[in-house]
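# Architecture and fold: a report
One letter stands for each residue in the lines below.
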Amino acid sequence: MPRPVQQHSDVLVIGSGAAGLSLALRLADTHSISLISKGPLLDGCTLWAQGGIAAVLDPADSVCAHIKDTLDAGAGLCNSDVVRHVVEQSAACIHWLIARGVPFTSGQYSDGRDGYHLTREGGHSHRRIIHAADATGQAVETTLGEQVRRHSNIRIFERHNALDLITAHASDNVPHRCLGAYVLDRDSGHVGVFRARQIVLATGGASKVYLYTSNPDSASGDGIAMGWRAGCRVADLEFNQFHPTCLYHPKAKSFLITEAIRGEGGQLRLADGHRFMDRFDPRGELAPRDIVARAIDHEMKRTGADCVYLDISHKPISFIKAHFPTVYERCLAFGHDLSRESIPVVPAAHYTCGGLVTNIHGGTDVEGLYAIGEVASTGLHGANRMASNSLLECLVFAKSASEHIRDQHRPLPGPLPEWDESRVTDSDEEVVVSHNWDELRRFMWDYVGIVRTTKRLQRAKNRVDLLQREIQEYYGNFRVTSDLLELRNLAQVAELIIRSALLRRESRGLHYTLDYPEADATSAALHTVLTP
Ligand SMILES: Cc1cc2nc3c(=O)[nH]c(=O)nc-3n(C[C@H](O)[C@H](O)[C@H](O)COP(=O)(O)OP(=O)(O)OC[C@H]3O[C@@H](n4cnc5c(N)ncnc54)[C@H](O)[C@@H]3O)c2cc1C
């Protein structure tokens, strides 16, 4: 029987959000690229990002101020070299996007010069969020996506799930290295081999591990799980950011209400109209997200309410429509007029601060394997991500990794072993997958959510151990599907999150536990690092 053709390219990019698209474009003039996305090309969290991208653009702002704000938010766990690297690159990366044609909203800087409109978000001491109205991610994703489609050196594989990385173990003088990936074509059901000189994980985060999330379905932690299975360390996975304000509506599927609304004077209120944020933080509604999310969680539990309310109706309708057109229209479609009334909101899982440990070039523990964007733990966010620093991180690490890749000269691996499907059959019990999927996400929400205890974490650990055994058995016996792959990855990442949370015996940044409600002042802040 003829051997199936194996795809090969200089660089294999897994994921087509801001990180994957920008890296592909930066390298495509000199390297052949295979770009795979498990959904359509325009997919992932990037498409949904509303608020914008943090960058030092205004003359009244400074690199030092942006660094200080990021370090303050990170609660002692940011890597200051990485923070400096990212902030110093911020303006260059924005100008790269502008040169590519991203239509940012124009405005005036504080010295009266024409430039771009900058908003302010929680934790930022200056207006420094450049944006395209309230659909920044869509503007970035569609602009870069169109250019990727037109580039003759980029081959795009949509509806293709990377399911595992292919590595070669270390031998004399040769380190443990990555050679490619097994990839499921969702339409044919065939698992193919993609080999490359360098492999880049740009698969986004894992917030789908929680029942309520602002993230699209793609955020199932695939890259974190694949990297872990391939031998990469993970760090700081206990720091899960919950966005304070998602629209509370049974059909809205956690539609996110941008933080910029609070930046422009939006007020949080209880059902009786009283404001409450001042009781929790002197910065009120502009306190960092974790404080706002915990305050809302606290008030909802205290009053037994299903939600709280966000009110920007004191602003003129023209202002609301100009600044928040997407949110305005979307809320209207659900029967809430932002210009006339307050809207019901609840917190939801939003961002995975931890991930695969990388260096300043995006390189992981496995040679030839990079991780950029939300999948990575670069040291930028520490214990808490500051708003709008994440798209910036995608852009900066796409740049750094592409420069590093350009300097490396690795050989193209020869043909790799095919995926072995000989022993498996089609599943006759899909219900197992959907049941486990629901169960996992519910206990993660209930036991590993905004407020944690050791007992609840232990309970979650017992559950996830059981689920993993069941999933592994299922995985070994049946043909893989996208749902099964995602479930397996979610369970893996859930286990890593719980183990990380159990190891942190203090409250810091986004990790809050009733058993240790204060930060540990007896020793320096430490990262939680797990080694496979
Ligand atoms: C509603 C919302 C609003 C946000 N607003 C902002 C904001 O204003 N500013 C900001 O800085 N950040 C914001 N964020 C966070 C930010 O959008 C994300 O951190 C960022 O977009 C992540 O980009 P990424 O390229 O790492 O991953 P993503 O954009 O999530 O892309 C991941 C890609 O990987 C693909 N993929 C995943 N697994 C596989 C696999 N196994 N095989 C093949 N492909 C795979 C997906 O299909 C997708 O193409 C927001 C997030 C959300 C959800």
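Now for a description of the structure that goes with this document.

The next point concerns the pairing of strand E1 (residues 7-14). Of all eight residues that make up E1, six are buried, and the element is covered over most of its length. Relative to strand E11 (residues 191-201), E1 is paired through seven bridges, and the arrangement is parallel. When the sheet's bridge partners are listed, Ser9 is paired in E11 with Ala196. In this sheet, strand E2 (residues 33-36) lies alongside E1 in parallel orientation, the contact comprising four bridges.

Quick look at the site of the ligand now. Near the ligand there are 41 residues, and of these Thr46, Gly52, Asp222, Glu374 and Ser390 occur at the shortest range. Contacts to the ligand include Ala19, whose backbone N or O atom sits 3.0 Å from an oxygen atom. Ala162 is positioned with one of its backbone polar atoms (N or O) 2.9 Å from a nitrogen atom of the ligand. Protein chains shield 98% of the accessible area of the ligand, which is 1,000 Å² for the free molecule. Only helix H1 (18-27), strand E9 (160-168), helix H5 (222-230), strand E16 (343-352) and helix H10 (389-407) provide two or more residues apiece to the shell around the ligand. Among the elements that line the shell around the ligand, the one with the most residues is H10, at four residues. Here the residues of the shell around the ligand sort into 14 nonpolar, 22 polar and five charged.

A few words now on the pattern of salt bridges. One pass over the structure, following the stated rule, counts 32 salt bridges. Close ionic contact of Asp61 with Arg128 constitutes a salt bridge, the shortest N to O distance being 2.8 Å. Of this pair, Asp61 sits in the loop between strand E3 (53-54) and helix H2 (63-73) while Arg128 sits in the loop between strand E6 (118-119) and strand E7 (129-130), and the two are 67 residues apart along the sequence. Per residue, the accessibility class of Asp61 equals that of Arg128, and both read buried. A salt bridge links Arg294 to Asp290, with the shortest nitrogen-to-oxygen separation between them at 3.7 Å. Placement of both Arg294 and Asp290 in helix H7 (residues 289-303) is noted, with a separation of four residues, approximately one turn of the helix. Relative accessible area serves as the criterion here: at 9%, Asp290 is assigned to the buried category.

Turning our attention to the packing of H2 against helix H3 (residues 80-100). Following both chains from N to C, one finds H2 and H3 inclined at 135°, their axes separated by 10 Å at the closest point. Looking at the two axes, H2 sits oblique to H3. Judged by the twist between their axes, the crossing of H2 over H3 is right-handed. Along its contact with H2, which presents Val63, His66, Ile67, Thr70 and Leu71, the element H3 presents Ser80, Val83, Arg84, Val87 and Glu88. When its residues are assigned to classes, the contact of H2 with H3 shows five nonpolar, three polar and two charged.

One pass over the full model with this rule turns up zero disulfides. Left without a disulfide partner, Cys178 is nearest to the cysteine sulfur of Cys232, which lies 8.1 Å away. Of all cysteine sulfurs, the one in Cys331 lies closest to Cys246, which takes part in no disulfide; the gap is 11 Å.

Before going further, it helps to examine the side chain of Glu121. Relative to the helices and strands, Glu121 is located in the loop between E6 and E7. Once you skip the residues sitting within four places of it in the chain, Glu121 turns out to touch Gly51, Ile129, Thr258, Glu259, Ala260, Ala387 and Ser388.

A word on the nonpolar core. By size, the foremost hydrophobic cluster in this structure holds 74 residues, and its most contacted members are Ile14, Leu165, Tyr210, Met444 and Val448. For this core, the leading source of residues is helix H13 (residues 482-503), giving 11 residues. Apart from residues lying up to four places away in sequence, Leu165 is in contact with Ile14, Cys178, Gly180, Ala181, Ile199, Leu201, Met226, Gly227, Ala230 and Leu369. Residues Ala55, Val87, Ile372 and Ile405 belong to the second largest nonpolar core, which totals 52 residues.

With antiparallel pairing, four strands are arranged side by side in an open sheet as E13-E16-E15-E14. Every interior strand has two partners, whereas the edge strands, strand E13 (240-247) and strand E14 (267-269), have only one. Strand after strand, the sheet turns through a mean of 45° between neighbouring axes, direction not considered. Relative to E16, strand E15 (residues 308-311) is paired through three bridges, and the arrangement is antiparallel. Looking at E16, one finds that Val308 is bridged to Val345. Contacts between H7 and the sheet are confined to E13, E14, E15 and E16, with E13 contributing the most and set at about 60° to the helix.

Let's shift gears to helix H11 (residues 430-447). Taking 1.5 Å per residue as the helical rise, H11 with its 18 residues ought to reach 26 Å, and the 26 Å between its terminal C-alpha atoms agrees with that figure. Among all positions of H11, only Val432, Val433, Asn436, Trp437, Leu440, Arg441, Phe443, Met444, Trp445 and Tyr447 are buried.

The next subject is the packing of aromatic side chains. Scanning all chains against the criterion turns up 10 aromatic pairs. For the ring pair Tyr210 and Phe242, a centre distance of 5.2 Å and an interplane angle of 65° mean the geometry is edge-to-face. Of this pair, Tyr210 sits in the loop between E11 and H5 while Phe242 sits in strand E13, placing them 32 residues apart in sequence. The burial state of Tyr210 is the same as that of Phe242; both residues are buried. Between Phe276 and Phe280, the ring centres sit 6.5 Å apart and the planes meet at 90°, which makes this aromatic pair edge-to-face. Overall, Phe280 belongs to the partly exposed group, its relative accessible area being 31%. A connected cluster of aromatic rings, assembled from ring pairs, spans Tyr210, Tyr212, Phe242 and Trp445.

On to unusual backbone geometry, then. A positive phi angle is found at Ala133, which is not glycine, with a value near 45°. By secondary structure assignment, the location of Ala133 is in the loop between E7 and helix H4 (136-150). Non-glycine residue Arg159 carries a positive phi angle of around 55°. Tracing the chain through its elements places Arg159 in the loop between strand E8 (154-157) and E9.

The rules behind the values
- Residues numbered from 1 in each chain as written.
- Predicted model: local features only at pLDDT ≥ 70, side-chain atom pairs only at ≥ 80, totals over all residues.
- Heavy atoms only, no water.
- Buried < 20%, exposed > 50% of the residue type's maximum accessible area, 1.4 Å probe, protein only.
- Helix = DSSP H or I, 4+ residues; strand = E, 2+ residues; numbered from the N terminus.
- Pairing = 2+ DSSP bridges.
- Near = heavy atom within 4 Å.
- Polar contact = N/O pair within 3.5 Å; in protein donor to acceptor, adjacent residues only side chain to side chain.
- Areas by Shrake-Rupley, 256 points an atom, 1.4 Å probe, with all protein chains shown as cover.
- Nonpolar A, V, L, I, M, F, W, Y, C, P; charged D, E, K, R; others polar.
- Salt bridge = Lys/Arg side-chain N within 4 Å of Asp/Glu carboxyl O.
- Axes fitted to C-alpha atoms, helices over the stretch in contact; angles between N-to-C directions.
- Parallel < 35°, antiparallel > 145°, perpendicular 65-115°, else oblique.
- Left-handed = near helix turned anticlockwise from the far one by under 90°.
- Contact = heavy atoms within 4.5 Å.
- Disulfide = S-S within 2.5 Å.
- Core = buried A, V, L, I, M, F, W, Y, C linked by side-chain atoms within 4.5 Å.
- Expected span 1.5 Å × (residues − 1).
- Phe/Tyr/Trp six-rings, centres within 6.5 Å; stacked < 30°, edge-to-face > 60°.

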